Every structure is written in C-alpha cells, then in structure tokens.
Amino acid sequence: MRIDMEALMDQWLWRQEYWLPPGITWKDIESSKDSQYPLPRDLLVTLPVALGFIALRYVFERAVALPLSRQLGVRDRIQARAAPVPKLEAFYTQSSRQPSKSEIITLAQQCDITHRQVETWFRQRRNQDRPRNTKKFCEACWRFVFYLVAFLAGLASLIDKPWFWDSKECWNGYPYQAITEAQYWYYTLELGFYWSLVLCISVDVKRKDFKEQIIHHIATIFLIGLSYSCNYVRVGTIVMLVHDSSDFLMESAKMFNYAGWRKTCDTLFVAFAVVFLVTRLLIFPFRVIHSTLFLFLDVFDPFFGYYVFNALLLVLQALHIFWAWLIVRMIYKFAFMGKVERDERSDEESEFEEEDEQQEKEDEDDDKEESSWEQRKDALNSKFTTLSDNCVLKNLTKQRSNRSSRLPKAR
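Owing to the predicted nature of the structure, the values given are computational and were not obtained by experimental measurement.

### Quick notes on the overall build of the protein chain
No. 1: Assigned secondary structure in the protein chain consists of 14 helices and 0 strands.
No. 2: Along the protein chain, helices and strands appear, N-terminal first, in the series α-α-α-α-α-α-α-α-α-α-α-α-α-α.
No. 3: Split into buried and exposed, the 411 residues of the protein chain put 43% on the buried side.
No. 4: Put simply, 81% of the contacts in the protein chain that link residues at least 6 apart link residues at least 24 apart.
No. 5: When the accessible surface of the protein chain is summed, it comes to about 24000 Å², and 60% of that surface belongs to carbon and sulfur atoms.

### As for the state of the cysteines
A covalent bond bridging the sulfur atoms of two cysteines is what the word disulfide describes.
No. 1: Scanning the model with the defined rule gives 0 disulfides in all.
No. 2: Cysteine Cys-138 remains unbridged, with the sulfur of Cys-141 as its closest cysteine sulfur at 7.1 Å.
No. 3: Its relative accessible area of 7% is what places Cys-138 among the buried residues.

### Structural notes on helix H3 (residues 46-72)
No. 1: Relative to the 39 Å expected for 27 residues at 1.5 Å per residue, H3 spans just 34 Å between its end C-alpha atoms, considerably shorter than the ideal helical length.
No. 2: Largest kink in H3: about 45°, centred on Glu-61.
No. 3: Taken together, the buried positions of H3 are occupied by Thr-46, Val-49, Ala-50, Phe-53, Arg-57, Phe-60, Glu-61, Ala-65, Ser-69 and Leu-72.
No. 4: Tucked into the core, H3 has its buried residues touching helix H7 (133-158), helix H9 (181-199) and helix H11 (233-259).
No. 5: Taken from the residues just after H3, Gly-73 is the one with a positive phi, measuring 90°.

### With respect to the packing of H9 against helix H10 (residues 210-229)
No. 1: Taken N-terminus to C-terminus, the directions of H9 and H10 make an angle of 155°; their axes are 10 Å apart at the nearest point. With respect to each other, H9 and H10 are oriented roughly antiparallel. Every pair of crossing elements has a handedness; the one defined by H9 and H10 is left-handed. Residues Tyr-184, Tyr-187, Glu-190, Leu-191, Tyr-194, Trp-195, Leu-197 and Val-198 of H9 form the contact with H10, whose own contacting residues are His-216, His-217, Thr-220, Ile-221, Ile-224, Ser-227 and Tyr-228.
No. 2: Across the contact of H9 with H10, the residue classes tally to 10 nonpolar, 4 polar and 1 charged.

### As for the packing of aromatic side chains
No. 1: Summed over all chains, the structure comprises 30 aromatic pairs.
No. 2: Their ring planes at 55° and their centres at 5.7 Å tell us that Phe-60 and Trp-142 sit as a pair that is tilted. Here Phe-60, found in helix H3, pairs with Trp-142, found in helix H7; they are 82 residues apart in sequence, far enough to count as distant.
No. 3: Overall, the relative accessible area of 14% leaves Phe-60 in the buried class.
No. 4: Measuring from ring centre to ring centre gives 6.2 Å for Phe-269 and Phe-272, while their planes differ by 45°; the resulting arrangement is tilted. On the criterion of helical spacing, the pair formed by Phe-269 and Phe-272 is a turn pair, its members being 3 residues apart in helix H12 (residues 262-293).
No. 5: Judged by its relative accessible area of 5%, Phe-272 is buried.
No. 6: Here the aromatic cluster, defined as three or more aromatic residues joined through ring pairs, consists of Trp-171, Tyr-174, Tyr-232, Phe-296, Phe-300, Phe-303, Tyr-306, Tyr-307 and Phe-309.

### Considering the side chain of Asn-310
No. 1: Its place among the elements puts Asn-310 in helix H13 (residues 304-336).
No. 2: A relative accessible area of 4% means that Asn-310 is categorised as buried.
No. 3: If we ignore the near neighbours within four places in the chain, the residues touching Asn-310 are Ile-289, Thr-292 and Leu-293.

### Side note on H10
No. 1: For H10, spanning 20 residues, the distance from its first C-alpha to its last is 29 Å, which sits close to the expected 28 Å at 1.5 Å a residue.
No. 2: Positive phi appears at Asn-231, one or two residues downstream of H10, with a value of about 60°.

### Overview of the pattern of salt bridges
No. 1: Here the structure, examined in full by the defined rule, presents 10 salt bridges.
No. 2: Ionic pairing is found between Arg-57 and Glu-139, a salt bridge with its closest N-O pair at 3.8 Å. On the criterion of sequence distance, the pair formed by Arg-57 in helix H3 and Glu-139 in helix H7 is long-range, its members being 82 residues apart.
No. 3: Measuring nitrogen to oxygen at the nearest pair gives 3.9 Å for the salt bridge that ties Lys-254 to Glu-251. With Lys-254 and Glu-251 both in helix H11 and 3 residues apart, this pair spans about one turn of that helix.
No. 4: Assessed through its relative accessible area of 5%, Lys-254 is described here as buried.
No. 5: Residue classification places Glu-251 among the buried positions, given a relative accessible area of 2%.

### Details of the side chain of His-320
No. 1: Inspection of the secondary structure assignment puts His-320 in helix H13.
No. 2: The contacts of His-320, once residues within four sequence positions are left out, are His-243, Phe-276, Arg-280, Leu-281 and Phe-284.

### Some details on unusual backbone geometry
Glycine aside, residues mostly have negative phi angles, and peptide bonds mostly take the trans form.
No. 1: In the segment running from Tyr-174 into Pro-175, the intervening peptide bond is cis, with an omega of 5°.
No. 2: Mapped onto the elements of the fold, Pro-175 is located in the loop between helix H8 (162-165) and H9.
No. 3: Positive phi outside glycine occurs at Asp-112, with the angle close to 60°.
No. 4: Along the chain, Asp-112 falls in the loop between helix H5 (101-111) and helix H6 (115-129).

### Side note on the nonpolar core
No. 1: Ranked by internal contacts, the top residues of the largest apolar core, which has 80 residues, are Trp-171, Tyr-232, Phe-284 and Phe-296.
No. 2: At the level of elements, H3, H7, H8, H9, H10, H11, H12 and H13 are the ones that each hand at least two residues to this core.
No. 3: In terms of residue count, H11 provides more of this core than any other element does, 13 residues in total.
No. 4: In this structure, Phe-284 is in contact with Val-239, Val-242, His-243, Thr-279, Ile-289, Leu-313, Leu-316, Gln-317 and His-320, ignoring residues within four places of it in sequence.
No. 5: Judged by nonpolar contacts, the second largest core, of 11 residues, contains Tyr-92, Leu-107, Cys-111 and Val-118.

Quick notes on the rules
Residues numbered from 1 in each chain as written. Predicted model: local features only at pLDDT ≥ 70, side-chain atom pairs only at ≥ 80, totals over all residues. Heavy atoms only, no water. Helix = DSSP H or I, 4+ residues; strand = E, 2+ residues; numbered from the N terminus. Buried < 20%, exposed > 50% of the residue type's maximum accessible area, 1.4 Å probe, protein only. Contact = heavy atoms within 4.5 Å. Areas by Shrake-Rupley, 256 points an atom, 1.4 Å probe, with all protein chains shown as cover. Disulfide = S-S within 2.5 Å. Expected span 1.5 Å × (residues − 1). Bend = angle between axes of the 7 residues up to and from the residue. Axes fitted to C-alpha atoms, helices over the stretch in contact; angles between N-to-C directions. Parallel < 35°, antiparallel > 145°, perpendicular 65-115°, else oblique. Left-handed = near helix turned anticlockwise from the far one by under 90°. Nonpolar A, V, L, I, M, F, W, Y, C, P; charged D, E, K, R; others polar. Phe/Tyr/Trp six-rings, centres within 6.5 Å; stacked < 30°, edge-to-face > 60°. Salt bridge = Lys/Arg side-chain N within 4 Å of Asp/Glu carboxyl O. Core = buried A, V, L, I, M, F, W, Y, C linked by side-chain atoms within 4.5 Å.

Here is the structure:
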C-alpha cells in the first residue's frame with residue numbers, strides 16, 4: 001500500500017519534469033551510502049512532527065509559560081459580564097457580534113430596553129470572548145522559544161558554509177548537492193512547526209493581520225516543501241534563517257507588552273524593527289531573490305519548479321513590504337508623538353477592541369456626568385430645602401410678632 005501511494009505521488013505530484021531542471025531525473029539524485037540527497041517523500045515525517053509540536057506546546061505553556069507570566073506580572077483584565085438576555089445572545093451567536101444601528105433599534109424594541117443598554121450588552125459580551133493576556137503571553141512565549149532555538153541552531157550550522165557568505169555557491173554543483181543531517185533536521189523541524197501553527201490556528205488568538213498570517217504560513221509551507229524537493233536546500237536554509245532572525249525579537253516584545261514592561265517592550269520593538277527592515281527589505285530581496293531569479297539561470301534554464309518557487313518568494317516579499325509599512329508608521333508615531341498606537345500592532349486580536357474601548361470611555365464619561373449632575377442636583381435640592389425652611393421660619397416668626405403687637409398691653 002505504501003509503495004502504491006509513493007508511486008501515485010511520483011506519477012502525479014512529484015513528476016520530475018515539474019520539480020527538476022531539464023535533463024535531470026530522480027534517479028540521478030538517489031541517495032547512497034556516501035551521500036544523502038533530498039527526496040519529496042522525506043517530508044511525510046513532518047506531519048507526525050507537527051503533532052509532536054502541538055503536544056509539546058501544550059505541556060510548555062502550562063509548565064513553563066504560565067508560571068513565567070505570573071513572575072513577570074501578567075494580569076488579566078477583569079471584564080463585566082453581560083446580563084443573560086436570550087434574544088441578544090441568539091443574535092450574537094447566530095448573526096453578528098457587531099449589530100448595525102437598525103438592528104440595535106429592532107433588538108431594543110424586542111427586548112423592551114434602551115438602545116444604549118443594547119450597545120452596552122454587546123460590548124460586554126464581546127469583552128467576555130476577548131482572549132486573556134495570559135493566553136496571549138503563553139502563545140508568544142512558545143513561538144519565542146522556538147524561533148530563538150531555530151535561529152541559533154541554523155546560524156551554527158551555516159556560519160562555516162561557503163554559500164552563507166557567497167550566493168553563487170548556492171548553485172555550485174547543483175543539483176548534485178548532498179544534504180547534511182543538520183540541514184535535514186533543520187528542514188524537518190521548521191516545516192513541522194509551521195504545520196502545527198496551521199493546525200492550531202482555530203484555537204489561537206485571532207490577530208488583525210489574520211489573513212496575511214494565513215497567506216504567510218501557507219506560502220512558507222510550500223516554499224519549504226518545494227525547496228527541499230527541488231534541492232534548493234542551500235538557499236532554503238538561508239531563507240529560514242533570515243525569517244527567524246527577527247521573529248524571536250517580535251515575540252519577546254509581545255511578551256513584555258502583555259506583562260506591562262513598557263520600556264523593555266519598546267526597546268525590543270526598536271531592535272526588532274531594525275533587524276526586520278534590514279533582513280526583509282535588503283538581504284531577502286537583494287541576495288536571496290536575486291540569487292534564485294538570476295544566478296540560477298547561469299546554471300540551468302528555467303522550469304516549472306523555478307517559476308513556482310520564485311512566485312512564492314515574491315509573495316513573501318509583498319507581505320514583508322506590507323508589514324514594513326506598518327512598522328515604519330509605528331516608528332514615526334513613536335519618534336514624533338512619543339507613543340505607539342495599539343491598532344498598528346499585529347497582535348491585536350479583537351476586531352472591535354478599539355471601538356469597544358472608545359465606547360466604554362464615552363460611557364464612563366457619561367456616567368461621570370450623570371453622577372456629577374446627580375450630586376449637583378442633590379446639593380441644589382438641599383439648598384432649596386434649607387432656603388425654604390428658613391423662609392418658613394421667618395414667616396412664622398413674623399406672624400408671631402404681628403400677633404404680639406395686636407394684643408393689648410397689660411396695665
């Protein structure tokens with residue numbers, strides 16, 4: 001059964017005309033005792049690795065990340081729970097979390113409450129579903145540990161390789177480039193980790209750049225798989241190292257942001273911004289993409305795998321430009337306005353969080369105004385009462401004096 005499955009995949013998915021240069025077959029790069037070459041079927045092991053990462057993450061978040069969050073002072077915001085209103089709950093779960101003005105009017109009539117009470121109920125209900133800071137900290141801590149370990153391990157395995165310093169060496173002797181054991185495990189762990197991110201995406205915190213993250217993860221999985229199958233291993237390891245170099249800084253900045261360490265968070269964010277802009281806007285396009293687009297043509301003519309691989313690299317570069325624009329805008333606000341706007345950060349999970357907080361502030365201001373008006377009203381009533389009492393006493397005193405003046409004087 002396994003042999004039939006492999007034959008079927010080789011016939012339809014991994015055809016050598018698709019993924020190998022013209023004139024090269026899978027038999028030409030079969031592994032031997034002296035040399036090991038990458039083959040597509042080697043990637044099947046990444047699915048069990050992904051499941052292992054999910055189990056390891058479950059243990060790590062509860063045994064390491066959660067106690068660490070308490071030590072760093074991560075606090076979950078206490079939210080007021082929405083009162084049980086069946087009609088509003090049904091609309092919230094079945095229709096929309098953010099009703100329109102016309103829907104609010106209809107719901108207010110159905111529930112016999114005011115429009116403001118409906119808006120307050122939906123805001124409180126959304127706040128109940130908002131992920132806690134502890135959950136976001138544990139997720140960021142898990143990604144931080146992996147990216148840091150992957151970056152250090154990748155750097156240690158590449159620092160002494162000639163293609164790490166010279167892009168032309170990536171294609172020297174291609175495709176007869178044997179893969180080392182370190183490169184094999186580097187690919188296996190990276191691909192398994194990104195598979196685990198995709199499998200857990202439904203339970204992870206949903207961020208503002210959710211769609212961009214999905215595109216990034218899918219493009220990364222295809223890139224890692226194609227680069228391994230086409231034996232783009234040398235340039236593929238550099239691509240993974242470039243991405244890991246800034247990702248662990250971003251996750252560490254998130255961790256300290258959730259813990260409330262503002263200065264440490266801002267410092268790490270500045271370091272992340274510098275590394276991101278250098279690696280994603282300079283090294284990645286001018287060295288990696290330039291190598292795969294142009295230097296490769298000095299060795300072989302373009303083929304199907306060449307176009308697919310470079311198209312995915314350009315998709316990643318488009319995402320880099322999008323995120324770089326957000327980062328530059330954040331730096332501008334931080335440098336000239338002295339603050340970083342929350343809506344710029346990619347870890348904001350709630351689609352309506354900013355609107356809810358603004359509305360909550362407005363409601364608090366209204367409550368304060370009402371409370372102040374009630375206090376002023378009570379004070380005025382007290383003054384009016386005192387004044388009226390004084391007037392009554394004066395009238396009584398005046399009436400008594402008038403009566404006394406009318407009485408005949410005693411002889």
